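Okay, here's what each chain looks like letter by letter:
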Amino acid sequence: MLRLPSFRLEQPDTLPQALALLDQAGPEAAVLAGGTDLLPNMKHELRRPSVVIALSRVKGLTGIAEAADGAIEIGAMTPLAEVAQSALVARALPALAQAAALVAGPQLRQRGTLGGNVLLDTRCQYVNQSHFWRSALGFCLKKDGTVCHVVAGGSRCVAAASADTVPALMTLGAVLEVARHDRTRQLPIDAFFVADGIVNRRLEPTELLTRVRVPRPAAGHRGAYGKLRERGSIDFPLLGVAARLDLSEAGVVEHADLVLTSLAAAPRRVAGAADALRGSAPGHAPAEFETAVRRVAELARRQCRPLPNLPGDHEWRGEMVPVYARRTLLAAAAGQGPVHHV
Ligand SMILES: Cc1cc2nc3c(=O)[nH]c(=O)nc-3n(C[C@H](O)[C@H](O)[C@H](O)COP(=O)(O)OP(=O)(O)OC[C@H]3O[C@@H](n4cnc5c(N)ncnc54)[C@H](O)[C@@H]3O)c2cc1C
Ligand code: SF4
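Residues numbered from 1 in each chain as written. Chains lettered and ligands numbered in written order. Predicted model: local features only at pLDDT ≥ 70, side-chain atom pairs only at ≥ 80, totals over all residues. Heavy atoms only, no water.

**A closer look at the domain arrangement of the chain**
Under the domain assignment used here, the chain contains domain 1 (8-57) and domain 2 (221-332). Its C-alpha centre places domain 1 at a distance of 36 Å from the equivalent point of domain 2. (Domains from an automatic or database assignment.)

This is the structure:
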């Protein structure tokens, strides 16, 4: 049985208390939301914080609300199950609702939070293992070692960004509200992730994610999420695809986006997708739309090369890139989704 290392537990009641504790403890501290990622990582000795600051008692960090300008604001501590079941999210932000509903299994979605999902650590088949397992391999760059087992001779960790909700939030232009004891800042999610599997996000150790703000898309918005995984009941994504299509009143695509995850350390936007789809009309000229979708799927295939960082055959994951890109775009156009196998 894997045991948790010892630590001091802090359970602040208010945000200022939590931020003050974080300020005092600095990099020694870990923030605990639902704990469904942090606690396994601590048991695997990937993290050994001396202080764990639990957010469960902090008021004001949960809930889904509509702001005066129509934006949808979701507290960082809102359980994924609530995001998945929210009628407001399902109506206005379908890709996010679908992605949240496909994270892990039902128990983990009750416990796991949206904030914890955005801040999910990167994953790799050579690192999400017990200390004993990793020691037998000689460790790696991400923790305790000097080599990468995925890229021979590599000097950079390429563990995979694996959070299901992040690609959906990227297509939706979400803004992250991040607080420190002396200030709050707003950060577009596009600027938040970096291609470094050791730490892939721009969050200072003394900062907390407090809220995710999503501008409300216009009436013709369509979105969908596609997820490839080994077992439909629980697994992390081997590939995640979020698609966005914004249609005019006449049914013509005015804006489009496609973001993939589970490739390397940061999610990837398919360059050229918006240009290829703009002007097509799924309802009026489905054959032309399908041609544009195939063009985008081919762009995704060329730009997104999964690495052998996750379990399963990475070449097969690569073959699935255009398949999931195409199916997810078609599902979005039809107002359907998610795309996954059970
Ligand atoms: C069996 C299993 C299957 C899973 N499958 C999936 C899956 O399919 N897809 C998927 O995306 N995830 C999956 N997960 C991972 C996890 O359950 C989810 O990502 C969940 O959303 C994490 O949220 P949490 O609240 O439990 O995060 P925690 O574990 O509490 O935190 C995650 C990280 O974020 C930090 N953190 C959390 N909240 C904040 C905050 N507000 N401010 C600053 N830092 C913060 C923590 O310090 C930690 O580093 C799985 C986990 C398990 C155990
Ligand atoms: S990508 Fe390489 S360095 Fe990063 S966790 Fe995997 S084996 Fe370790």
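There's more to say after this.
**A look at the site of ligand 1**
Near ligand 1 lie 33 residues; those nearest to it are V31, T36, T113, D164 and K227. Contact distances for ligand 1 include 3.0 Å between an oxygen atom and a backbone N or O atom of A104. For ligand 1, whose free accessible area comes to 970 Å², the fraction covered by protein is 92%. Grouping the amino acids of the shell around ligand 1 by side-chain chemistry returns 19 nonpolar, eight polar and six charged. When residues of the shell around ligand 1 are assigned to domains, at least three fall in each of domain 1 (8-57) and domain 2 (221-332). (Near = heavy atom within 4 Å. Polar contact = N/O pair within 3.5 Å; in protein donor to acceptor, adjacent residues only side chain to side chain. Areas by Shrake-Rupley, 256 points an atom, 1.4 Å probe, with all protein chains shown as cover. Nonpolar A, V, L, I, M, F, W, Y, C, P; charged D, E, K, R; others polar.)

**Some details on the packing of aromatic side chains**
Taken as a whole, this structure holds one aromatic pair when the rule is applied. Measuring from centroid to centroid gives 5.1 Å for F192 and F193, while their planes differ by 85°, and the two rings are edge-to-face. Comparing F192 with F193, the two get one shared label, buried. Over the ring of F236 we find R123, and its NZ or CZ is 3.6 Å from the ring centre. (Phe/Tyr/Trp six-rings, centres within 6.5 Å; stacked < 30°, edge-to-face > 60°. Buried < 20%, exposed > 50% of the residue type's maximum accessible area, 1.4 Å probe, protein only. Lys NZ or Arg CZ within 6 Å of the ring centre and 35° of its normal.)

**Details of the packing of helix α11 (residues 286-303) against helix α12 (residues 314-333)**
At a minimum axis separation of 8 Å, α11 and α12 run at an interaxial angle of 145°. Once α11 is placed against α12, the crossing between them reads as right-handed. Between α11 and α12, the residues in contact are F289, E290, V293, R294, V296, A297, A300 and R301 and V321, P322, A325, R326, L329, L330 and A333, respectively. Taken together, the residues of the contact of α11 with α12 sort by class into 11 nonpolar, no polar and four charged. (Axes fitted to C-alpha atoms, helices over the stretch in contact; angles between N-to-C directions. Helix = DSSP H or I, 4+ residues; strand = E, 2+ residues; numbered from the N terminus. Left-handed = near helix turned anticlockwise from the far one by under 90°. Contact = heavy atoms within 4.5 Å.)

**Describing the environment of D235**
For D235, the location among the structural elements is in the loop between β9 (221-228) and β10 (239-247). For D235 and G105, which are 130 residues apart along the polypeptide, the C-alpha to C-alpha distance reads 8.0 Å. One polar contact links D235 to R231, side chain to side chain, over a distance of 2.6 Å.

**Some remarks on the sheet that holds strand β1 (residues 8-10)**
Hydrogen bonds along the backbone pair up the strands of a sheet, which may run parallel or antiparallel. Taken together, three strands build an open sheet; the order of strands is β1-β3-β2 and the sheet is parallel. Each end of this open sheet is capped by a strand with a single partner; those strands are β1 and β2 (29-32). In this sheet, neighbouring strand axes are inclined to one another by 25° on average, regardless of whether the strands run parallel or antiparallel. Bridging between β2 and strand β3 (residues 51-54) involves four bridges; their strand directions are parallel. (Pairing = 2+ DSSP bridges.)

**Notes on the sheet that holds strand β11 (residues 253-261)**
Read across the open sheet, the four strands follow the order β9-β10-β11-β12; overall the sheet is antiparallel. Each end of this open sheet is capped by a strand with a single partner; those strands are β9 and β12 (268-269). Where β11 meets β12, two bridges bridge the pair, whose relative direction is antiparallel. Among the inter-strand pairings, L260 is bridged to a residue of β12, identified as R268. On top of the sheet, helix α5 (residues 94-101) reaches β9 and β10; it is set at about 25° to β9, its chief contact.

**Section: helix α1 (residues 15-25)**
Along α1, the residues classified as buried are A18, L19, L21, L22 and A25. In an axial view of α1, the angular spread of the buried residues amounts to 160°, which keeps them on one side of the axis. With respect to the buried face of α1, the exposed residues turned more than 90 degrees away are P16 and Q24. Looking at the buried positions of α1, the neighbouring elements they touch are β1, β2, β3, β6 (175-180) and β8 (208-214). Measuring from the backbone nitrogen of Q17 back to the side-chain oxygen at the start of α1 gives 3.2 Å, which picks out T14 as the cap. (Arc of directions from axis to C-beta.)

**Comments concerning the nonpolar core**
Among the nonpolar cores identified, the biggest contains 41 residues, and L93, L96, L114, V118, L169, L176 and I189 are the most heavily contacted of them. At the level of secondary structure, the elements contributing two or more residues to this core comprise β5 (72-75), α3 (80-85), α4 (87-92), α5, α7 (114-118), α9 (165-171), β6 and β8. In terms of residue count, α5 provides more of this core than any other element does, five residues in total. Setting aside its immediate chain neighbours within four residues, L96 contacts I74, V83, V89, L114, T165, A168, L169 and L172. Core analysis: the next-biggest nonpolar cluster, separate from the first, contains 36 residues, A224, L277, V296 and A325 among them. (Core = buried A, V, L, I, M, F, W, Y, C linked by side-chain atoms within 4.5 Å.)

**Digging into the pairing of β11**
The element β11 is largely enclosed, with a buried count of seven among its nine residues. Here β10 runs beside β11; their pairing, made up of eight bridges, is antiparallel. Among the inter-strand pairings, R244 is bridged to a residue of β11, identified as D257. Connecting β10 to the next strand, β11, in antiparallel fashion are five residues, including G251 with a positive phi near 85°. Between β11 and β12, which pair antiparallel in sequence order, lie six residues; one of them, S262, sits at a positive phi of approximately 70°.

**Quick look at the pattern of salt bridges**
This model, assessed by the stated rule, comprises 25 salt bridges. With a closest N to O distance of 2.9 Å, R8 and E10 form a salt bridge. Here E290 makes a salt bridge to R326, at a shortest N to O gap of 3.0 Å. Of this pair, E290 sits in helix α11 while R326 sits in helix α12, and the two are 36 residues apart along the sequence. Look at E290 and you get partly exposed, because its relative accessible area is 23%. By relative accessible area, R326 is classed as partly exposed at 25%. Among the ionic contacts, a cluster of salt bridges with common partners joins R180, D182, R183, R185, E204 and E207. (Salt bridge = Lys/Arg side-chain N within 4 Å of Asp/Glu carboxyl O.)

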